[in-house]
Amino acid sequence: MKYPLPFLLTTIFGCLGVSQPLLAANSHTTDSMDGHDIYQNYCSVCHGEKGNGQSRATGGLAVPPRDFTSLASAQELSRERMIFSVSYGRPNTPMTSWINRLGQERIEVVVDHIRSTFMPLDQLPQAATNAAPVTETPDEKDSKVADMSLEMPMGLEGKTAWGETFYNSTCANCHGTEGDGNGPRSTFIFPKPRDFHHPAAQQTLNRPELFKLISQGSHGSEMPAWDKVLTYQEVAHVTEYVFSTFIRPEKQASD
């Protein structure tokens, strides 16, 4: 099948994570509400026309596209998680955020198309077809939009000045001074340190979740449990700095 140049630019660069504003100047957004059309226009260039992750772009991607036809995908991918992933992308993969380009309704339509067309859901017990993954990696568990209005656990209040000092002296070695996951040590770490500017991070990392991750660490990554070194009050300071500076900078509180 031959594709027009604007479509190829849109899908290839979108798959590789090029920003939506750049793409908007070079391509046209489909008005179709048909799941097949949306998938072919935006998803097939990476995931393949048959949904098996085999496409011309596959060999050039650092992380292989998801094979929707596998039993593992049917077991791991709930509808909720797929909608979240298409909407906000997946950290440390070429999967970018499509929420601004497609909108919520089209995303739900294309996810339902993928699930009904490619995924072997009929091979699963009925109760498991929309279940959450049994085993989750640090990135895979982030599949639900969090309530960003929630306050710090235990009634604590964080002070950004203390948090900034500790973050820049310690956390920035991995996460970077800009919170983009590009600190001096990031080259040697896998999975890569969290990029707090990633759309998925900004939808899931509220104060309670940040507090938990900083306190307890993140299994399967090099993120340590800082409650072995810091008091909970100090963890709250770091939490507040990260949240108000990188996750929700417009909400930054004065100390």
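What you see is a predicted model; the values in this text were computed from it and never measured. (Residues numbered from 1 in each chain as written. Predicted model: local features only at pLDDT ≥ 70, side-chain atom pairs only at ≥ 80, totals over all residues. Heavy atoms only, no water.)

Peer 1: Please explain the overall build of the protein chain as it appears in this structure.
Peer 2: If you tally the helices and strands in the protein chain, you get 10 helices and 0 strands. In the protein chain, the succession of α and β elements from N to C terminus is α-α-α-α-α-α-α-α-α-α. Burial statistics for the protein chain: of 255 residues in total, 48% are counted as buried. Intrachain contacts of the protein chain at a sequence separation of at least 6 include 62% that bridge at least 24 residues. (Helix = DSSP H or I, 4+ residues; strand = E, 2+ residues; numbered from the N terminus. Buried < 20%, exposed > 50% of the residue type's maximum accessible area, 1.4 Å probe, protein only. Contact = heavy atoms within 4.5 Å.)

Peer 1: How do you make sense of the packing of aromatic side chains when you look at a structure like this?
Peer 2: Describing an aromatic ring pair means giving the distance of the ring centres and the angle of the ring planes. A complete count under the given rule lists 10 aromatic pairs for this structure. Seen in terms of ring centroids, tryptophan 162 and phenylalanine 166 are 5.7 Å apart; in terms of plane orientation they differ by 10 degrees. Their pairing is stacked. With tryptophan 162 and phenylalanine 166 both in helix α7 (residues 160-175) and 4 residues apart, the pair spans about one turn of that helix. Under the relative-accessibility criterion, tryptophan 162 is labelled partly exposed at 32%. A relative accessible area of 14% means that phenylalanine 166 is categorised as buried. Judged by centre distance (5.8 Å) and plane angle (35 degrees), the rings of phenylalanine 211 and tyrosine 232 are tilted. Placement of phenylalanine 211 in helix α9 (residues 207-216) and of tyrosine 232 in helix α10 (residues 232-247) is noted, with a sequence separation of 21 residues between them. Looking at tyrosine 232, the relative accessible area reads 43%, which means it is partly exposed. Through pairs of rings, three or more aromatic residues link up here, namely Tyr167, Phe196, Tyr241 and Phe246. (Phe/Tyr/Trp six-rings, centres within 6.5 Å; stacked < 30°, edge-to-face > 60°.)

Peer 1: What's the story with the side chain of serine 78 in this structure? I'm lost.
Peer 2: Considering the arrangement of structural elements, one finds serine 78 in the loop between α4 (71-76) and α5 (79-88). Within the local environment of serine 78, its side chain forms a polar contact with the backbone nitrogen of arginine 81, the two atoms lying 3.1 Å apart. (Polar contact = N/O pair within 3.5 Å; in protein donor to acceptor, adjacent residues only side chain to side chain.)

Peer 1: Before we go on, may I ask you to explain the state of the cysteines in this structure?
Peer 2: Two cysteines whose sulfur atoms are joined by a covalent bond form what is called a disulfide. A full pass over the atoms with the stated rule returns 0 disulfides. Cysteine cysteine 43 is unpaired, with the sulfur of cysteine 46 as its nearest cysteine sulfur at 8.9 Å. Between cysteine 174, a cysteine without a disulfide, and cysteine 171, which holds the nearest cysteine sulfur, the sulfur-to-sulfur distance is 8.5 Å. (Disulfide = S-S within 2.5 Å.)

Peer 1: Is there a simple way to explain the pattern of salt bridges in this structure?
Peer 2: Pairing between side chains becomes possible if they bear opposite charge and their charged atoms approach one another. All chains considered together, the criterion is met by 7 salt bridges. Two residues, lysine 212 and glutamate 209, come together in a salt bridge whose shortest N-O distance is 3.4 Å. Within this pair, lysine 212 and its partner glutamate 209 are both found in helix α9, separated by 3 residues, close to a single helical turn. The class of lysine 212 is partly exposed, set by a relative accessible area of 36%. (Salt bridge = Lys/Arg side-chain N within 4 Å of Asp/Glu carboxyl O.)

Peer 1: Sorry, what's going on with the side chain of serine 215 here?
Peer 2: Mapped onto the elements of the fold, serine 215 is located in helix α9. Judged by relative accessible area, which is 3%, serine 215 ranks as buried. A distance of 2.7 Å separates the side chain of serine 215 from the backbone oxygen of phenylalanine 211, its partner in a polar contact. Not counting chain neighbours up to four residues away, the residues in contact with serine 215 comprise Ala225, Trp226, Asp227, Tyr232 and Val235.

Peer 1: Help me understand unusual backbone geometry, please; the structure alone is not making it clear to me.
Peer 2: In terms of backbone geometry, most residues other than glycine have negative phi values and most peptide bonds are trans. The linkage connecting phenylalanine 190 with the following residue, proline 191, adopts the cis geometry, with an omega of 0 degrees. Here proline 191 is to be found in the loop between α7 and α8 (199-204). Within the chain, methionine 154 stands out as a residue other than glycine whose phi angle is a positive 60 degrees. As for its position among the elements, methionine 154 is in the loop between α6 (99-117) and α7.

Peer 1: Sorry if this is basic, but what is going on with helix α3 (residues 35-47) here?
Peer 2: Spacing of three or four residues puts side chains on the same side of an α-helix, whose turn is 3.6 residues. The terminal C-alpha atoms of α3, which comprises 13 residues, lie only 14 Å apart, well short of the 18 Å expected from a rise of 1.5 Å per residue. The sharpest bend along α3 measures roughly 50 degrees and falls at asparagine 41. The element α3 is largely enclosed, with a buried count of 10 among its 13 residues. For α3, the full list of buried residues reads Gly35, Ile38, Tyr39, Gln40, Tyr42, Cys43, Ser44, Val45, Cys46 and His47. Looking one or two residues beyond α3, the residue adopting positive phi is glycine 48, at roughly 90 degrees. (Expected span 1.5 Å × (residues − 1). Bend = angle between axes of the 7 residues up to and from the residue.)

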